[in-house]
Structures are given as structure tokens and as C-alpha cells.
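Here are the chains, one letter per residue:
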Amino acid sequence: MTGTLDIERLGRRAEAMIEELAAISEEPDRLTRRFLTPEHKRAAHLVAQWMAEATMVTSEDALGTVRGHYAAQGETAGANAVPRLLVGSHIDTVINAGKYDGMLGVVAGILAIEHFRDAGRRFPFAVDVLAFGDEEGSRFPTVLSSSAALAGTFEPRWLDGTDRDGITLRQAMQDYGLDPGAVGTAAMARDEALAYVEIHIEQGPVLERANQPIGVVTSIAGQYRTRVTVGGMAGHAGTVPMPIRQDALLAAAEMALAAEAIAKARHEAAMVATVGQMTINPGAINVIPDRVAFVLDLRASSDAPRMEALVLFQKRAEAIAAARGCTVAFETYHDCPTAGCAPWLQDGLVQAATALGIDAPRLVSGAGHDGQSMARLTDFAMIFVRCKGGISHNPAEFSTSADMGAAVATLIRFIEGFDPARRPAG
Ligand code: GLV
Ligand code: MN
Ligand code: MN
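Scope of this entry: the structure provided in the associated data block. (Residues numbered from 1 in each chain as written. Chains lettered and ligands numbered in written order. Predicted model: local features only at pLDDT ≥ 70, side-chain atom pairs only at ≥ 80, totals over all residues. Heavy atoms only, no water.)

1. Digging into the site of ligand 1
Formally: To be near a molecule or strand, a residue needs just one of its heavy atoms within 4 Å of it. N or O atoms closer than or at 3.5 Å make up a polar contact, with two conditions inside protein: a donor-capable atom paired with an acceptor-capable one, and, for residues adjacent in sequence, both atoms drawn from side chains. Under the convention used here, a 1.4 Å probe and the Shrake-Rupley method define accessible areas, while residue burial counts only the protein chains that appear. Residues are grouped as follows: Ala, Val, Leu, Ile, Met, Phe, Trp, Tyr, Cys and Pro are nonpolar; Asp, Glu, Lys and Arg are charged; every other residue, Gly included, is polar.
Every residue lining ligand 1 is accounted for by Glu135, Glu136, Arg225, Arg299, Ala367, Gly368 and His393. In the environment of ligand 1, an oxygen atom lies 3.0 Å from a nitrogen or oxygen atom belonging to the side chain of glutamate 136. Histidine 393 has a polar side-chain atom sitting 3.1 Å from an oxygen atom of ligand 1. Considered on its own, ligand 1 offers 200 Å² of accessible surface; in the complex 95% of this is hidden by protein. For the shell around ligand 1, a count of residues per class yields one nonpolar, two polar and four charged.

Put into C-alpha cells, the structure is as follows:
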């Protein structure tokens, strides 16, 4: 370990950097920064500038992920890739976002490296700080695509997915200045990656209730995103009698309620179902809707109940559609299994917190994270930071600078004590 840490200062720096990032938005009055937009690019530039100031060598990979490389002891530029500890999070946001989700993890990684720069400290391994661009999946029908590319699991068909304006991911990459044909170059070799560690706000109430600033994540819930398209028959709102309507919206509404009932009946699996996006066609006040599409976001703490629930939902949705003279079709474009955080890394994080006098409890993540992709490449673990009221995906999202400082300090102590030899064989 090297010296004492000024936790207050680290927290204040995190807060100031988060504020700066939060000012970069697609919309004037709220924070929205979707993947591969000009605002994503501006945020990426700012992050790269901070990384460079912290003496990292910066680069942008084929998916626009910013990488800051803090060289290992004695590492010479241009030498063969040195094994590295990966630290990061994301800089894209949901629509009308809070400012901590993702940003905190990127800023924390940079602050940790700033600390080592100031202490003149290098390690036998390199540290790469990563700023991913597609964790939220709020633009294209992809989720975690930038971390998937780094983990070598990007699926080429994702390039054909379109955003709400009909722009394909392929086109958006070109507009951003990226080469869709080069996606494979983003993949990191397994022996290059020693582990992936991420700091993130909790986005739930557990730490606040436990009265603890930070916690250590044990696993991340699995998730489906399934597009449900309901077909009915358009008709005149004033003339078609109620009993003979084929109203696609009413069928879709009943399906959303069915999803709610299915999830509520499985609370032991921490199941949650959400319909947060629905498009209604033709979208006129006096026309019975003939086509409705929505996305079911379905999550659970283990995979078997989640799979069973999706099958059951599809059955119920088919019955609802049939009873209303409608059709229904399903397309699951995101199926991410439950991902466990590596026990040796969890223990390392708990020890790092303990060394600072913090009693970090272990907890499960209901929210999705880049670690789910990174688990396909290497072991991963996460620190959660208490957030006010457990509120997230909401502009009211808030973490105190003291809690953020505690998380950054824990990350610093963790990196100082990181020993890749502790990774269990196999
Ligand atoms: C990302 O925040 C997700 O869990 O959807
Ligand atoms: Mn996030
Ligand atoms: Mn989020």
C-alpha cells in the first residue's frame, strides 16, 4: 500500500468530472446520450483527454470504446501486449438519465490512475481504463455491444439493427468514423486480460438500507429483451362496435399485464418484467390501432425461471391475441445469462474496503452491466455505491461525493493489492 488516501478529495473530483460529462447531452433540458451520437463522441473525447492527462496512452477501438492504457513497470512502447487489469464502465445513457450511471465507473478508473501517476507507482501488470458506449441499449436493438466486441462475442447481424430513425448500426458506425468491417479488431486476447473490475452506482435500495457506502456484487441478473409485435385491424373509432374490434393496443396492454402477473408470481427468483417502450400504429386518435410493437424486458436472478417465464408469457400472449382476433410475433434480441462475479476478485474488493475501515456487504445486481459481456473474456467483479432512495434511470439519481470517494479509494487499494496469481487455475 502507498500512503493515505484523501477520500474527500477523490469524491469531490469524481463529482466535478461527472458534472462535466453530464453537460454533454442530445437534449437541452435533460441528459440523453445514446450510442454513436455526436454527444457520445464529445464525451469520448473528454474522457480520452482526462486519460491522457493521467499519463495513459489512449485509443479508440472499432466500437468507439475509449481505452486508456497505463503501462506496466518497465513496459516499452510498441512491445507485445502486456497482460492488463481492465477497469471501466460506460458513457452512454438512457433517455432522461441520471448522471452517475456508468459515468462514475469511468471517472473512478481515471482517478485511480491519477493517484498512481502522482505516487509515481507502476505495477507488474498494465491497467486499462475502458469507457464503453453501448451498455444501455437505448438506441439500437443491441445491448452491451461494445463490451461484447472487446470480449470477442459481437454478432455481425447486430450491424443491421436500426434505431428509431431507421439508421442501421453499420451506418451509425460509419457516421461516427468507425469501420464496421473492423469489429473483430476490438477483441482482446484472453491472456491479455487479467480481470475486469467496475464501479457502478447500486441503482437499488440495499446499501442505503444497510447504511453502508459501498458493497461488493456477487452476481448480475440475467435478462431478455423480447420484441413483441401485435397485429390487429384498423377501423373507425366511431363506427366499429366494441365486440367485433381487433384492437392491437388492447391486446398489447393485456400482454403487458400478463407479464406483470408472471413476474409477481416469481418474486423468489427476483423476477421483474417491464414494458418501457411501445409504438402504436397508425397512431391516430380516431383509428383503432392495427399494429403495436413493444419490448418486454424480463430479468431474474437465475436462468431457469427466466426461461420458463418467457415461454409462459409467449403462451399467454398467444391466447390473448387469439381471443381478440389479433396476431402476435416474438423476437428475442437480447438473452444474457446470469453472470457471477469471481469469488477471488470479490474477496480482493472486500479486503480493499476493509483496509479502509469500510464494511462492504455483498449484494446481487438486478441491473445489467458490461461485466456480463466481459465474463465471456475474463473474471470480473463490481463495487456498488449507495445511491439516494435507490433511484436510477431518473434525473433524481444521486450519490454523495463521500460515498464515491470511498469507492475510488477501494479501487485504488484493490489495484495495489491485485495479484493475478491468486486467480484459481482452470
Ligand atoms: C442497464 O442499466 C440495464 O440494466 O438495463
Ligand atoms: Mn449502467
Ligand atoms: Mn443504466
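2. Focus: the coordination of the manganese ion (ligand 3)
Selection criterion: Any N, O or S atom lying within 2.8 Å of the metal counts as a donor, with the limit raised to 3.2 Å for Na, K and Ca; because water is left out of the atom set, some sites can appear incomplete. Type-normalised accessible area, obtained with a 1.4 Å probe on protein chains alone, sets the label of each residue: buried when under 20%, exposed when over 50%, and partly exposed for intermediate values.
Around the manganese ion (ligand 3), the protein contributes the donor atoms Asp101 (OD), Glu136 (OE), Glu136 (OE) and His393 (NE2), which lie 2.0 to 2.5 Å from the metal centre. Written as a sequence motif, the donor arrangement for the manganese ion (ligand 3) is D-x34-E-x256-H. Looking at histidine 393, the relative accessible area reads 41%, which means it is partly exposed.

3. What to know about the nonpolar core
How we decide: We call a set of buried residues a nonpolar core when its members are Ala, Val, Leu, Ile, Met, Phe, Trp, Tyr or Cys and they connect through side-chain atoms within 4.5 Å of each other. Per the convention used, a helix needs a DSSP run of H or I reaching at least four residues, while a strand needs a run of E reaching at least two, with both numbered from the N terminus. Contact definition: two residues touch when any of their heavy atoms are within 4.5 Å.
Ranked by internal contacts, the top residues of the largest apolar core, which has 108 residues, are Val47, Ile110 and Ile415. The greatest single-element share of this core, amounting to 10 residues, is contributed by helix α3 (residues 103-119). Residues contacting isoleucine 110, with those up to four places away along its chain left out, are Met17, Val47, Trp50, Met51, Ala54, Met56 and Val129. Ranked by size, the runner-up nonpolar core spans 26 residues in total, among them Ala258, Leu298, Phe313 and Ile320.

4. Quick word on the sheet that holds strand β9 (residues 291-300)
So the rule is basically this: Two strands make a pair as long as DSSP finds a minimum of two bridges between them. Lines fitted to C-alpha atoms define the axes here, with helix axes fitted over just the stretch in contact, and angles between the N-to-C directions of these axes take values from 0 to 180 degrees.
One open sheet accounts for four strands, arranged β8-β9-β7-β10; its pairing is antiparallel. Each end of this open sheet is capped by a strand with a single partner; those strands are β8 (272-281) and β10 (327-336). The mean inter-strand angle of the sheet, taken between neighbouring strand axes irrespective of direction, is 15°. Across the face of the sheet, helix α8 (residues 303-323) comes into contact with β7 (222-231), β9 and β10 while running at roughly 165° to β10.

5. Examining the coordination of the manganese ion (ligand 2)
Around the manganese ion (ligand 2), the protein contributes the donor atoms His90 (NE2), Asp101 (OD) and His200 (NE2), which lie 2.1 to 2.3 Å from the metal centre. For the pair the manganese ion (ligand 2) and the manganese ion (ligand 3), the metal-to-metal distance amounts to 3.5 Å, and aspartate 101 bridges them. Linking histidine 90 in strand β3 (residues 84-90) with aspartate 101 in the loop between β3 and α3, this pair joins segments that are 11 residues apart in sequence. Histidine 90 sits in the buried class, given a relative accessible area of 0%. Given a relative accessible area of 5%, aspartate 101 falls into the buried group.

6. Description of the pairing of β3
The following threshold applies: Orient the strands so they point away from the viewer; a crossover is then right-handed if the path from the first strand over the helix to the second runs clockwise.
Judged by how many residues are buried, β3 sits mostly within the fold: seven of seven residues are covered. Bridge count between β3 and strand β4 (residues 126-132): seven bridges; the pairing is parallel. Bridge pairing links glycine 88 to leucine 130 in β4. Crossover connection from β3 via α3 to parallel β4: handedness right-handed. Sheet topology places β3 next to strand β5 (residues 193-201); four bridges connect them, and they run parallel. Within β5, the position partnered with valine 87 by the bridge is valine 197.

7. A short note on the packing of helix α1 (residues 7-22) against helix α2 (residues 38-53)
Filter applied, for reference: Angle categories are assigned with fixed cut-offs, so that under 35 degrees is roughly parallel, over 145 is roughly antiparallel, 65 to 115 is roughly perpendicular, and the rest are oblique. Note: crossing handedness is left-handed where the near helix turns anticlockwise from the far helix by less than a right angle, and right-handed where it turns clockwise.
Taken N-terminus to C-terminus, the directions of α1 and α2 make an angle of 150°; their axes are 10 Å apart at the nearest point. Considering their axes alone, α1 and α2 lie roughly antiparallel with respect to each other. Helix-helix and strand crossings are classified by hand; for α1 and α2 the assignment is right-handed. Judged by residue contacts, Met17, Glu20 and Leu21 of α1 engage Ala43, Leu46, Val47 and Trp50 from α2. Split into classes, the residues belonging to the contact of α1 with α2 amount to six nonpolar, no polar and one charged.

8. What to know about the environment of isoleucine 288
For isoleucine 288, the location among the structural elements is in the loop between β8 and β9. Using a relative accessible area of 3% as the deciding quantity, one classes isoleucine 288 as buried. Counting along the chain gives 53 residues from isoleucine 288 to glycine 235, while the straight-line C-alpha distance between them is 5.1 Å. Those residues in contact with isoleucine 288, other than ones at most four positions away along the chain, are Met233, Ala234, Gly235, His236, Val240, Arg245, Gln246, Asp247 and Pro282.

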